[in-house]
Amino acid sequence: MVKKIYSLLIIYSYALSVSALALPLLDQQRHELKLPSIFGDSMVVQQKDSVAFFGKAVSGQKVIVETLWGAADSTYATSDGSWKLRIQTPTASFDPQTVCVRTSTDTILFKDVLVGEVWLLSGQSNMAFRLRFDDNGVSEIANASTPSLRLFKVPSITAAEPRENIQQVQWQACSSLSVKDFSAVAYYYGRALSTSLPNTPIGLISAAFGSATIEAFMSKEALLSKGFLADHYYNYTNKKESKNPAWCYNAMIYPLQPYTIRGVVWYQGESNCVRASQYAEALETMIHSYRAGFENPDMPFYIVQLPPYNYSTPQQESGDEYSAAIVREAQLQITNNIENTGLVVTTDVGDVDDIHPTNKKPVGERLANLALYQCYGQQDKVFSGPKYKSHSIEGNTIRLAFDFVLNGIRDNYKELSWFTIAGSDKKFYQGNAFVNGNDVVVSSPFVKEPQAVRFAWHNAAEPNFFNSEGLPASAFKTDNWTDFTYADGITSWSNFPDIRNVPFDLKVPELTEEQPAAGRRVKQILPEYAETDVYHTLYLPSNWEVGKEYPVIVEYPGNGPYLNKYGDANSGKPDDASLGYGICGGEDFIWVVLPFVSNDGQVNQLNWWGDVEASVNYTIKTVKDICEKYGGDREKVVVTGFSRGAIACNYIGLHNDQIANLWSGAIPFSHYDGVREWGYPNSDNTSALSRLDRLNGKPQLIIQENGGPAATKAYIEKAGIGGDITYLTIPYRNHDARWVLQNIPERGVLRDWVNAVIGRD
C-alpha cells in the first residue's frame, strides 16, 4: 500500500512538472492526446461507478489513466486514434482529487476533481431559462456560493454532423457569477440534492436550446429507427436551426457521450405541440437512445410535464385545439410504461399568458424529490400529486381511483375543476367532481350513462386537484377515443348556474333582541349562559297562537368565517341560517337555530365543534324549553343543517340516545357525517356509523349542491345502511343554503318531504 501511494505521488509530481514546464513545448509540437472538454479541472465524476474516460491519441499508443484515489487502468488507441477505458470511483467525498491521463509523449492533469453525483439537464427554453430571470433569482444568486456544486453549461449550438467536442466550456464551482446565467431549474434541482445528500458533491450539465424540438435532440440513428421520425428527418427544414432534426444532439449531446452520469432530466415539449400525436413514440425512442449513448440501459430519465399556456392555432397540431394536453398525456404514459422514469407536474406553477413561467423553484425541487425518492432511497420524499390509477362506472357517475393520495386529497368537498365526462355518444360535458374518501366521483346532468372522463384536457388548464401534500394531479383520460367532441362552454368551473342569477321570493326576518312573538325572529340566551355570549335564535310562525302545537325545525349553522371563489359567505353564527325559514315559508313551524358552545363556555363556536357535550346538552334543553313554552310538538321535530351543520345533524344530533330520540327526521345539506375524516376526534367512518345507528332508520333527506350527493350515496350504499333515505340535488354551483329562499322545484320537493315526515300530506 505504501509503495502504491509513493508511486502516485511520483506521478502527481511528474504531472505537475509537465503541466508547468513541458506543456508549452508540447503545444508547439501539437498535442496528440486529447479529451473532450467535459473532462477538466473542477469536474465531478460519478461516485461508486465504473466511469468512462475517452478521447483521442496517436494510433496504437498506450493511454494510461491514474487517480489520486488509487484506481488506474490503461488501453491502446485504435486505428482512428480513439480510445476509451473505465475507472472505478469511490464513495462521494468533498476531498479534491487529481486525475492524470498520459501517454509516452503527453500528460494531462485534471485538478480539483470531486467524486459525487452527475446529472444532465436538457430541453428547450424552460430548461434554458436563466436563474437571473427567476422570481427568486436575485436572492438565490446573492447566496449561491456552493463549492461542492459544480456547473457545466453547454452553449446553445447546432451542427449538421456530430461533433467530438464542445469548445470553450469548462466546469465551474457554483458562485454568484457562474450561476446567474445557468439554468434555473437545474440550479434548484442541484441545490436540493446538495441539501439532502450528505457529503455528496453534485455535478450539473446543462444542455438546453430555446425553441428546440425533441427531434433536434435525437441522433440521426434514433430518428431513422422509426418511420415517421425518418420522414421528419429527411423532409423537415426550418430556418431555426434548433428545430432541425439531430442538430442540437450533434453539437450539444454527442460530445458528452459516454461521460458517466447518474441520469437525465428533460424539460421540453412546447415546440412539439404541432406534432403532439407523435410525441409519445418520439420520447420513448429518445430515452432508449440516450441510455445507449451514455452506456447505461437503466439510466434514470425524469420529465417535466408541460405547464399551462394558451397556445395559438399555428403552435398546435392541425385539427386539435388541445395539443398540449396530448403532449402532457404522452409524458405521463411514458413514465407509466418505461422503468426508471418519472414525472413532475407543473399545472400550478405555470402562466397561461407566458410560455416561460418565471417560478422555477418548485419545478427543480419537485424533480429533486423525485430523484431522492427513486434514486437515493429517501422514501419520505413526496414528488407526485394524484396519479390516475383506475375507474369504475357506478350508475350515472364514474368513480376515479388514484395513486399518491395515501394521506388524502386536499380541499375535500370543494368543487374540483377541469373534469369532463362523456357517454356513448363520445361528447364531453363539464363534469361535476367531488371527493369521496381518496376517490373522485364525477357526474353531469347531461350524461345519464357515462363511459369516460378526461381531466385537465385543455392547453391552459389550471386545476385545483391536489393531494394533501399540495402537489397537483396530472392530466389524464380514461378513454382511447379519436372521434370525440366537446360540448360548448367547457370551462374550468361548473356548468350549473349561480344562485345570484335567480330571484329570491323569501327574506329571512331581521334578528332582534325583543320578546318572542308571531312572525318575529329573536336572539335568546339560556339562563345558565346568562353571563356569556352563547345564544340561539328563535322564530315563531306568523300564524302562531298561544295554546296551539307546531312542528319544530332545529337547525345547525355552517362553519365560519367562510368565503369562496363565487362570493358565497358564512359567518358561522346562527344569524346567517336560512334552511328552516325556507322550509316553512314563515308559517306553521317553529324554527330554532342552535349554537355550538366554545370550549370555555363563553361564546358560540364559529368553526367546528368546541365543547361537544355542552352543545349536546344545549340542544336537549332548548328543544325541551321551546316545546314547553311555545307549543312545540315533541313528536314532530326535524333536525337540519348546512355544511358543518349538515355533519352536526349526526355528529351532535346523534351523539347519544337522549338527543337522537328528539328527531322525527333529518335534512343534512352539503356534507354528511363519516364520508370523510376531517381531523377532529371521532370523524372516522366507524364512529360515524355507530352514531347513525341511533337514528333507527328514521327518514333522511340528503341534499347536495352542484353534482348532487353521489359521494354520500356511494358511502351509504357501501356501508349497507338501511332506512328511509331520499336524495336531492340542488342545481347551483354555490356552497350556499339560500336556495330555500327561491321558488325553485327543489324547494317544493323539500317541503313535500317535511310535510310527509310530520304527517301533513
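None of these values were measured; they are calculated from a predicted model.

Enquirer: How do you make sense of the pattern of salt bridges when you look at a structure like this?
Expert: Pairs can form between side chains of opposite charge whenever their charged atoms are close. Tallying each qualifying case throughout the model produces 30 salt bridges. Here arginine 130 makes a salt bridge to aspartate 181, at a shortest N to O gap of 3.2 Å. Taken together, the positions of arginine 130 in the loop between α2 (125-128) and α3 (137-142) and aspartate 181 in the loop between α4 (176-179) and α5 (184-196) put the pair 51 residues apart, joining distant regions of the chain. With a relative accessible area of 33%, arginine 130 lands in the partly exposed category. Residue lysine 426 pairs with aspartate 483 through a salt bridge whose shortest N-O separation is 3.1 Å. Of the two residues, lysine 426 sits in the loop between β16 (419-422) and β17 (427-430) while aspartate 483 sits in the loop between β21 (476-477) and β22 (485-486), which places them 57 residues apart along the sequence. Connected via shared salt-bridge partners are Lys84, Arg86 and Glu295.

Enquirer: Any chance you could explain helix α16 (residues 685-692) here in plain terms?
Expert: The α-helix winds at 3.6 residues per turn, so residues separated by three or four positions along the chain end up facing the same way. Listed as buried for α16 are Ser687, Ala688, Arg691 and Leu692. Each buried residue of α16 sits inside an arc of 140° when the element is viewed along its axis, so together they form one side. Looking at the buried positions of α16, the neighbouring elements they touch are α14 (644-651), β32 (700-705) and α17 (710-719).

Enquirer: Looking at this model, I keep getting lost on the packing of aromatic side chains. Mind explaining?
Expert: Under the defined criterion, the tally for this structure stands at 45 aromatic pairs. Ring geometry for tyrosine 556 versus phenylalanine 596: centroids 5.4 Å apart, planes at 20°, classification stacked. A residue pair is termed long-range when its members are at least 10 positions apart, and tyrosine 556 in strand β26 (residues 550-556) and phenylalanine 596 in the loop between β29 (590-593) and α13 (612-630) qualify at 40 residues. Of the two residues, tyrosine 556 and phenylalanine 596, neither departs from the other in class, the shared state being buried. Between the aromatic rings of tyrosine 651 and tyrosine 680, the centroid separation amounts to 4.9 Å while the plane-to-plane angle is 65°, which identifies the pairing as edge-to-face. A residue pair is termed long-range when its members are at least 10 positions apart, and tyrosine 651 in helix α14 and tyrosine 680 in the loop between β31 (665-669) and α16 qualify at 29 residues. Like tyrosine 651, the residue tyrosine 680 is buried in the burial classification. Site record: aromatic cluster; members linked through ring pairs are Tyr556, Phe596, Trp608, Trp609, Tyr651, Trp678 and Tyr680. In this arrangement the basic side chain of arginine 275 is found over the ring face of tyrosine 236, its NZ or CZ atom lying 5.6 Å from the centre.

Conventions we followed
- Residues numbered from 1 in each chain as written.
- Predicted model: local features only at pLDDT ≥ 70, side-chain atom pairs only at ≥ 80, totals over all residues.
- Heavy atoms only, no water.
- Salt bridge = Lys/Arg side-chain N within 4 Å of Asp/Glu carboxyl O.
- Helix = DSSP H or I, 4+ residues; strand = E, 2+ residues; numbered from the N terminus.
- Buried < 20%, exposed > 50% of the residue type's maximum accessible area, 1.4 Å probe, protein only.
- Arc of directions from axis to C-beta.
- Contact = heavy atoms within 4.5 Å.
- Phe/Tyr/Trp six-rings, centres within 6.5 Å; stacked < 30°, edge-to-face > 60°.
- Lys NZ or Arg CZ within 6 Å of the ring centre and 35° of its normal.

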